[in-house]
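# Residue-level structure breakdown
Listed here are the chains, written in short residue letters.
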Amino acid sequence: MTAALACLLALAQPASATPGRRLDLVPVSSARRIELMEESPSGDRLLTHDRSSSPVLWDPRSMRVLRVLSGHPEPPFLARFSEDGSHILTASDQLALVWESRRARTLARISAPDKDEFSFGVMSQDGKRFALGTEDGKLLLSDGLDTAKVRTLSSHAGKVWDASFSPNLSQVVSVGEDGTVRLWDFASGKAVGSPIFFKARWARFSPDGKQLLVTGREGAAKLFDAATGKEQFSFPHELGDRGEGATMMAAAYVGKDRQGVLTCTADGTMKVFDRKTGSLIRDLKGHTRVVREIRYSADGLYAGTYGTDDKLKLWDIEGGKELPFTRPGGEDAFLSGQQPTGAHVGQ
């Protein structure tokens with residue numbers, strides 16, 4: 001396995017950048033492979049995780065370790081900021097922890113159901129609600145950090161792959177290994193409408209909450225009407241090697257006001273479609289083989305990609321162009337087979 005697989009992208013919030021400012025690549029040393037790097041929206045916290053030990057919280061300006069987020073009985077498989085950066089969720093098979101991100105204090109501990117294991121976790125945009133999926137198809141929902149109020153739903157006949165909140169936090173969409181995508185009313189815990197039958201891996205609400213963008217496991221991403229479950233558009237979308245595992249290859253809402261949908265094709269071309277009309281807006285060409293990893297900036301205007309052609313690229317999505325940068329150590333720095341360093345990308 002090449003060291004290049006561990007070079008993930010954490011894109012800083014471009015809204016704070018000034019026009020013409022260059023992109024900075026800051027090498028981050030690691031004795032292990034780094035599989036996740038995520039920067040808080042404020043830019044003053046960096047979260048790294050290698051999935052073989054505890055996640056680490058950094059000050060990205062000084063690259064000083066603020067705290068190792070320990071406390072799990074086994075290595076966590078998940079570590080992520082809430083969208084507003086106020087909280088951090090970490091999860092291992094048997095335990096999920098919610099942290100306050102400023103001082104890295106533990107605020108809540110949630111144990112997996114008896115004879116079950118966690119498979120996925122997500123927080124609401126404000127960090128005050130969370131949803132946790134399990135291997136046996138359960139979905140745990142909590143409003144606030146009072147673990148006594150956690151509700152457990154039987155959501156899928158098999159592993160819960162993914163879940164996310166609607167923009168107004170009133171609904172949750174979940175994706176199951178059983179080939180269904182389901183909507184839930186958060187307040188009551190009741191199912192909304194009929195299941196969508198699609199072998200999917202990820203699902204996200206549109207910014208206005210009216211559409212669902214569902215990334216499939218078999219070469220397509222689809223847009224559905226969130227109210228009716230009716231399919232609106234289908235786009236080609238290929239998952240590169242390891243696209244379903246530790247890495248992210250979900251189709252995403254991108255561009256100004258998130259009016260575009262970005263997908264990837266087998267030849268490495270990325271396509272941006274209009275989510276309201278389904279028409280092609282532009283192609284992003286640069287990779288010569290399928291993309292295996294993609295990360296988006298918080299405002300959806302920029303992306304970082306890594307392809308099976310062993311190329312690491314940065315993109316201005318709205319401008320439709322690749323952004324030049326120099327990889328630390330040269331083009332082959334992550335292909336040496338030695339222990340890799342991560343790359344923290346900011347603006």
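Residues numbered from 1 in each chain as written. Predicted model: local features only at pLDDT ≥ 70, side-chain atom pairs only at ≥ 80, totals over all residues. Heavy atoms only, no water.

## Let's talk about the overall build of the protein
Stated formally: Strands are runs of DSSP state E lasting at least two residues, helices are runs of H or I lasting at least four, and both sets are numbered from the N terminus onward. For this analysis, residues touch if any pair of their heavy atoms sits within 4.5 Å.
Assigned secondary structure in the protein consists of zero helices and 30 strands. Long-range pairs, those at least 24 residues apart, make up 45% of the contacts in the protein between residues at least 6 apart in sequence.

## Considering the pairing of strand β9 (residues 105-111)
Keep this limit in mind: Each pair of strands is called paired provided DSSP finds at least two bridges between the two strands.
With six bridges joining them, strand β8 (residues 95-100) and β9 adopt antiparallel strand pairing. From the neighbouring strand, Leu95 faces β9, where its bridge partner is Ser111. Two successive antiparallel strands, β8 and β9, enclose a turn made up of four residues, where Ala104 displays a positive phi of approximately 55 degrees.

## Section: the nonpolar core
Using the following cut-off: The term nonpolar core refers to a set of buried residues drawn from Ala, Val, Leu, Ile, Met, Phe, Trp, Tyr and Cys, joined through side-chain atoms within 4.5 Å. We call a residue buried when its accessible area falls under 20% of the maximum for its residue type, exposed when it is over 50%, and partly exposed in between, using a 1.4 Å probe and counting protein chains only.
Counting residues in hydrophobic clusters, the biggest one holds 15 residues, and the most contacted among them are Leu262, Met270, Leu284 and Ile317. Every element with two or more residues in this core is listed here: β22 (252-254), β23 (260-264), β24 (270-274) and β26 (291-296). Apart from the residues within four sequence positions on either side, Ile317 is in contact with Val254, Leu262, Val272, Arg282, Leu284, Tyr296, Gly300, Leu301, Tyr302 and Ala303. Formed by 14 residues, the second largest nonpolar core is a distinct cluster that contains Val173, Val181, Ala203 and Phe205.

## A closer look at the pattern of salt bridges
Heads up, the condition is: The salt bridge definition used is simple: a Lys or Arg side-chain nitrogen within 4 Å of an Asp or Glu carboxyl oxygen.
One pass over the full model with this rule turns up 11 salt bridges. Close ionic contact of Arg275 with Asp208 constitutes a salt bridge, the shortest N to O distance being 3.7 Å. Of this pair, Arg275 sits in the loop between β24 and β25 (280-284) while Asp208 sits in the loop between β18 (200-205) and β19 (211-216), placing them 67 residues apart in sequence. Using a relative accessible area of 2% as the deciding quantity, one classes Arg275 as buried. Taking the relative accessible area as the measure of exposure, Asp208 reaches 37% and is therefore partly exposed.

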